Amino acid sequence: MSEAVTIDERIALETVDNDLLREVESQWNSDPNNKELELQYALLLAKSHRRDCKKKAIAILSRHLMSRSYTNECLYTISLSYYALHDYEQARNYVEELLRQNTDNSQARELHRAILIKQQEENKQVQDTVTWTAVGVGLAAITAVAVARAFRSK
């Protein structure tokens, strides 16, 4: 579980300087064909705690993936962004692709372990919800039968 905590803490500590973000965005808007600026902008967006910024970062980084530029960095950052958005299935897809390409990437392995832990936690919550729902339905059925019998015996 320490991997999940480490990743969660790392995401919580990430900050983005809004002035720098606006400056890089402005530079990129002035030179939209500059892939380096676009990448810098996307990486800054990914560090934001705002969902819309993370989604925009994912979109930009996905375009970089299609052009096969900065593949490792894009895959990792997209995965980390999906993790921060609690979309663990997408996060897992991207980090597993990164690990297929680069099995020695320790950051990716750490993120992958954290994602698996989060997915196990989610699955347990779903199982607990199903179990308690079944218990509730069972109790309701028992109560309904008891009430029906009480009315019949009158």
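Here's a quick rundown of the structure. (Residues numbered from 1 in each chain as written. Predicted model: local features only at pLDDT ≥ 70, side-chain atom pairs only at ≥ 80, totals over all residues. Heavy atoms only, no water.)

Turning our eyes to something else, we now look at the overall build of the protein. Within the protein, the regular secondary structure consists of seven helices and zero strands. Listed by position from the N terminus, the elements making up the protein come as α-α-α-α-α-α-α. Here the analysis covers contacts within the protein between residues at least 6 apart in sequence; of these, 56% occur between residues at least 24 apart. When the accessible surface of the protein is totalled, it reaches about 9,700 Å², and 54% of it is carbon and sulfur. (Helix = DSSP H or I, 4+ residues; strand = E, 2+ residues; numbered from the N terminus. Contact = heavy atoms within 4.5 Å. Areas by Shrake-Rupley, 256 points an atom, 1.4 Å probe, with all protein chains shown as cover.)

Here we take up the packing of helix α3 (residues 35-47) against helix α5 (residues 71-84). Contact geometry for α3 and α5: axes closest at 10 Å, N-to-C directions at 25 degrees. Viewed along their axes, α3 and α5 adopt a mutual orientation that is roughly parallel. Where α3 crosses over α5, the handedness of that crossing is left-handed. The residues of α5 that touch α3, namely those facing L39, L43 and A46, are E73, C74, T77 and S81. Here the residues of the contact of α3 with α5 sort into four nonpolar, two polar and one charged. (Axes fitted to C-alpha atoms, helices over the stretch in contact; angles between N-to-C directions. Parallel < 35°, antiparallel > 145°, perpendicular 65-115°, else oblique. Left-handed = near helix turned anticlockwise from the far one by under 90°. Nonpolar A, V, L, I, M, F, W, Y, C, P; charged D, E, K, R; others polar.)

Attention now goes to the side chain of N105. Within the secondary structure, N105 sits in the loop between α6 (88-101) and α7 (106-152). The exposure class of N105 is buried, given its relative accessible area of 15%. There is a polar contact of 2.9 Å between the side chain of N105 and the backbone nitrogen of A108. (Buried < 20%, exposed > 50% of the residue type's maximum accessible area, 1.4 Å probe, protein only. Polar contact = N/O pair within 3.5 Å; in protein donor to acceptor, adjacent residues only side chain to side chain.)

Before going further, it helps to spend a moment on the nonpolar core. Formed by 37 residues in total, the largest nonpolar core has its most connected members in I7, Y41, L45, Y83, L111 and I115. Of all elements in the fold, only α1 (2-13), α2 (18-30), α3, α4 (51-66), α5, α6 and α7 reach the threshold of two or more residues within this core. Looking at which element gives the most residues to this core, the answer is α3, with eight residues. Residue contacts for I7: discarding those within four places in its chain leaves L80, Y83, E110, L111 and A114. (Core = buried A, V, L, I, M, F, W, Y, C linked by side-chain atoms within 4.5 Å.)

Geometric descriptors of this kind do not, in isolation, establish any biological role.
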